[in-house]
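As a plain string of letters, each chain reads:
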Amino acid sequence: MNEASRRYAAVSGGFVATVLLVVLVLSLIVGAGEGIQYTLDSLAYGSLFAVMALGLALLFNVMGLMNFAYGELIMAGAYVMYFTRSWGWLGMILMTVLVVTILSLLMELIAFRPVRDASPVVLLVTSFAVSYGIQQLAWTDVFGLAHRFDSTIGTGPQKGVEPYPWLTNQFDVGGVLVSRLEIATFIVTGVLLVGLTLLLKKTTLGIQLRASSEDFRMAQLTGVRANWVISAAFGITGVLAGAVAILYILRTGAVAPDIGQGPLFVAFVGGVIGGLGSLGGAALGGFVLGAIINALSATLPITLKSHTQLFAFLVVIAILVLVPNGLVSIRGDAVKRLWRRVRRSPAPAEGAA
Amino acid sequence: MTALRRVEPAARVVWPPLALCALLVVTWALVDGFGDVVYKDTAVRLFLTLIIVLGLQIFSGNSGVLSFGHIAFMAIGAYMSALLTIPPDIKKFTYLSMPSWLGSWILPAKLSPLEATLAGAGVATLFALITAAPIVRLAGVEAGIGTLALLIIVYVFDVQTSAITRGTSTQIGVPQTTTFVSVLVWALIFIGVAFAFKQSRRGLRLRASRENVRAAKSVGVRVSVERAVAWVLSGFVVGVAGALYGHYFVTFGPDDFFFNQGFNIVLLTIVMLVVGGMTSVTGAVVGCYFVTVIYEAFRRWEVNGLGDVRPPSGTGNFVLAVVLILTLVLRPNGITGGRELAWPGDWSLDSLRRLKARSGGGDSVAAESAK
């Protein structure tokens, strides 16, 4: 079995295993009927983070950038939805995707292009600065939203995008309550994942992107234009972020300047767990983490919930140290390799870029 | 003249930290002499953040490994020091549910400010010692995530373990013992410590590993050990900053040590270090002053206005972000280029030009890692 098919098997096996695990655990906790319902919801939630983690992994592979400003794309999408709510759903969706994609491209052009050759640390700090700047812009009164940060409450007032009743109302399918939004989430994320896979495998741009992910300089030497490939990567992540923003905001309804932070962290951590180095691995990681978080928050008793995060992040550190390439990289001789990892000396400071 | 020649090598070595200390003392003297309450408050916060940035410099600057986790040490230092100094009469009522194995010695404790600061920093150091083993094995983006996980773990602990930390409630009865002079003295000490560590054999080995891990290992540098030493030392430094912070702001909660909407201490301290030039102590000081001045200038402008012009509130933070991006674009290795302050005898337009021409050479990790 070669590397590619092994990884493919690992990713698809991981998806199936997560689905089965979530169904099993939820059914055990809340009973079979509700279990399936929670499962569907958790999987819809998880697939959102799969798409997000994919966007993060794409940029990480092509230019070694861990883009923290990705959360701000979601936030910007939320604001566009807030302003275009009255245009009807099609106008709103088109406008949101368009604006978020343009913002993503602008981000690259203004902030990331000039520092492209700098160290990963500088790239990371730049992405923080971009994220911080966009977020602060949203906190100011520029948009006339009076979103001013209120230090006495700790957060600003929240705006909302009212959910469409026809989208979120649940209906009964053989004893399981499903909403159109859940189905839409499955379809959209599925289409995006398949579409991106096809793009990466079949088109010239896709081949250029994958070549750049593997070795950016080598790809340049063989005639791949750096500016074009990186702009394309930002454009693709922009479209993905736009789609995620729409599905996520229709689900939660809340709009605030810091709304992108939560999903970003989940996708980020999930991507690392799955393995940011491979697109499939990152998507799987985001999916698993998103699904598990949703399942746990729906079912865990409050007393257990409080320290869950603490242990979750201990696991993250353990994974980083023991299997730095993500869970997808584990093979049959995992234990032996793990032992070698434990005794291994530290990674080079240049990082994974 | 010959006597001057003879002391010059030694003077060259101690020149950068002395000059930086002089800058701090001048700042202190000016603000203490002429500044009002607001300026004093700003200056105290400047020195507090400077201590944190120096701690970050000791670890990240010398090892090239980014850390979001140092604010966790700050939280530990602040909480521990506060717990040991709040008058026992108050503690009896605010910490009703503290477990007895802790309460038996924490509740009656009443330490002096210095003892408590050292105790708080000591616990932070202990935490650094425990966490060193996994952290030193990480680098690059993985290190960023690992240390971020550390920060989140401490934050979640602070919020959720209300028996020991009062959860999201703020502290009550912490004595305000941090003065302008005390932060100045600690900052001066840590400039010396950071510089001494950088110049020490351990510091040199760590810097070598930053430039090229494999080459450093091939000449016998035990990278994990060197990183661990820097990690623990910086844990102590930031722990002290936390204790001082606690005794300055008096009422603090877990959100003070996390991604905070007002003054985001986690990100801004890292930004200060990178903007100044993370590989030099001078860079840490310059970055800290640079960011603080911009931040404060705009904040003051928003509050007081300048003539009739008053920017919409929140502009300051946005402008700060723009300035940061501009700085990183124009000088990817920071304002100082990652170098220490040059010896006055070497100052010339010519050397400045050379510095510009090969910005990225010298003591910079970026030139190496970009390859």
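Parameters and conventions
- Residues numbered from 1 in each chain as written.
- Chains lettered and ligands numbered in written order.
- Predicted model: local features only at pLDDT ≥ 70, side-chain atom pairs only at ≥ 80, totals over all residues.
- Helix = DSSP H or I, 4+ residues; strand = E, 2+ residues; numbered from the N terminus.
- Buried ≥ 20, exposed ≤ 12 C-beta atoms within 10 Å, placed from the backbone.
- Rg over C-alpha atoms; globule rule 2.2 N^0.38 Å.
- Contact = placed C-beta atoms within 7 Å.
- pLDDT = per-residue confidence, 0-100.
- Expected span 1.5 Å × (residues − 1).
- Bend = angle between axes of the 7 residues up to and from the residue.
- Core = buried A, V, L, I, M, F, W, Y, C linked by C-beta atoms within 7 Å.
- Axes fitted to C-alpha atoms, helices over the stretch in contact; angles between N-to-C directions.
- Parallel < 35°, antiparallel > 145°, perpendicular 65-115°, else oblique.
- Nonpolar A, V, L, I, M, F, W, Y, C, P; charged D, E, K, R; others polar.
- Left-handed = near helix turned anticlockwise from the far one by under 90°.

Tallying secondary structure elements over chain A gives 14 helices and four strands in all. Buried residues in chain A amount to 48% of all 353 residues.

This part covers the overall build of chain B. Broken down by element type, chain B carries 17 helices and zero strands. The C-alpha atoms of chain B give a radius of gyration of 21 Å, which matches the 21 Å a tight globule of 371 residues would have. Here chain B, with 371 residues, has 51% of them falling under the buried criterion. A fraction of 78% describes how many contacts in chain B between residues 6 or more apart in sequence connect residues 24 or more apart.

Moving on to the confidence of the model for chain A. Residues and elements named next belong to chain A. Per-residue confidence for chain A averages 76 on the pLDDT scale, and 72% of its residues sit at or above 70. Across chain A, helix α4 (residues 89-112) holds the top mean pLDDT of 89, while strand β1 (residues 159-160) sits lowest at 59. Scored below 50 in pLDDT, residues 146-157 makes 20 contacts in the model with residues more than four places away or belonging to other chains.

Let's shift gears to the environment of Leu310(A). Structurally, the position occupied by Leu310(A) is in helix α13 (residues 302-322). Taking the C-alpha atoms as reference, Leu310(A) lies 26 Å from Ser131(A); in sequence the two are 179 residues apart. When residues no more than four places from it in sequence are discounted, the contact partners of Leu310(A) are Ile153(B), Val156(B) and Phe157(B).

Turning to helix α6 (residues 113-135) of chain B, a few remarks are in order. Residue and element names in this part refer to chain B. Spanning 23 residues, α6 covers 31 Å between terminal C-alpha atoms, matching the ideal 33 Å at 1.5 Å per step. Taking the largest bend as the criterion, α6 deviates by roughly 30°, centred on Leu129. Taken together, the buried positions of α6 are occupied by Ala116, Thr117, Ala119, Gly120, Ala121, Val123, Ala124, Thr125, Phe127, Ala128, Thr131 and Ile135. Contact partners of the buried residues in α6: α3 (70-85), α7 (140-160) and α12 (223-249).

What follows deals with the environment of Thr84(A). All names here are of chain A. Within the element layout of this structure, Thr84 appears in the loop between α3 (70-83) and α4. You can call Thr84 partly exposed: it has 18 C-beta atoms within 10 Å. As for Thr84 and Met95, which are separated by 11 residues in sequence, their C-alpha atoms are 7.7 Å apart. In contact with Thr84, not counting residues within four places along its chain, are Gly91, Met92 and Met95.

Another point: helix α11 (residues 261-274) of chain A. All names here are of chain A. When the terminal C-alpha atoms of α11 are compared, their 20 Å separation across 14 residues agrees well with the 20 Å that a helix rising 1.5 Å per residue should span. Among the 14 residues that make up α11, 11 are buried, leaving the element largely enclosed by the rest of the structure. In the stretch just after α11, Gly275 is the one whose phi turns positive, near 120°.

Turning our eyes to something else, we now look at unusual backbone geometry. All names here are of chain B. Of note, the phi angle at Val250 is positive, near 65°, even though the residue is not glycine. With respect to the helices, strands and loops of the structure, Val250 is situated in the loop between α12 and α13 (265-276). Its 17 C-beta neighbours within 10 Å are what place Val250 among the partly exposed residues.

All right, on to the nonpolar core then. Of all hydrophobic cores here, the largest spans 213 residues; its most connected members are Leu54(A), Val244(A), Ile51(B) and Val271(B). In terms of residue count, the dominant contributor to this core is helix α2 (residues 32-63) of chain A (19 residues). Residues contacting Val244(A), with those up to four places away along its chain left out, are Leu48(A), Val51(A), Met52(A) and Ile74(A).

What follows covers the confidence of the model for chain B. Residues and elements named next belong to chain B. With 90% of its residues at a pLDDT of 70 or more, chain B shows a mean pLDDT of 82. Of all helices and strands in chain B, the one with the weakest mean pLDDT is helix α17 (residues 365-369) (41), whereas α12 scores best (92). The ipTM assigned to the predicted complex is 0.75, against a pTM of 0.81.

Glancing now at the packing of helix α7 (residues 180-202) of chain A against helix α10 (residues 226-252) of chain A. When two helices pack together, their arrangement is given by the angle between their axes and by how far apart the axes lie. Residues and elements named next belong to chain A. Their axes nearest at 11 Å, the elements α7 and α10 cross at an angle of 170°. Between α7 and α10, the crossing angle belongs to the class labelled roughly antiparallel. Judged by residue contacts, Leu181, Thr185, Val188 and Leu192 of α7 engage Leu240, Ala243, Leu247, Leu250 and Arg251 from α10. Counted by class, the contact of α7 with α10 contains seven nonpolar, one polar and one charged residues.

All names here are of chain B. By secondary structure assignment, the location of Thr269 is in helix α13. Note: C-alpha distance between Thr269 and Ile71 (198 residues apart in sequence) is 9.2 Å. Sequence-distant contacts of Thr269, defined by excluding residues within four places in its chain, comprise Thr49, Ile52, Val53 and Leu56.

This part is about the packing of α4(A) against α10(A). Residues and elements named next belong to chain A. It is the contact of α4 with α10, at a shortest axis distance of 8 Å, that shows an interaxial angle of 145°. The hand of the α4/α10 crossing is right-handed. Within the contact between the two elements, α4 uses Ile93, Thr96, Val97, Val100, Thr101, Leu103, Ser104, Leu105, Met107 and Glu108 and α10 uses Ile230, Ser231, Phe234, Gly235, Thr237, Gly238, Val239, Ala241, Gly242, Ala243, Ala245 and Ile246. Along the lines of polarity and charge, the residues of the contact of α4 with α10 split into 13 nonpolar, eight polar and one charged.

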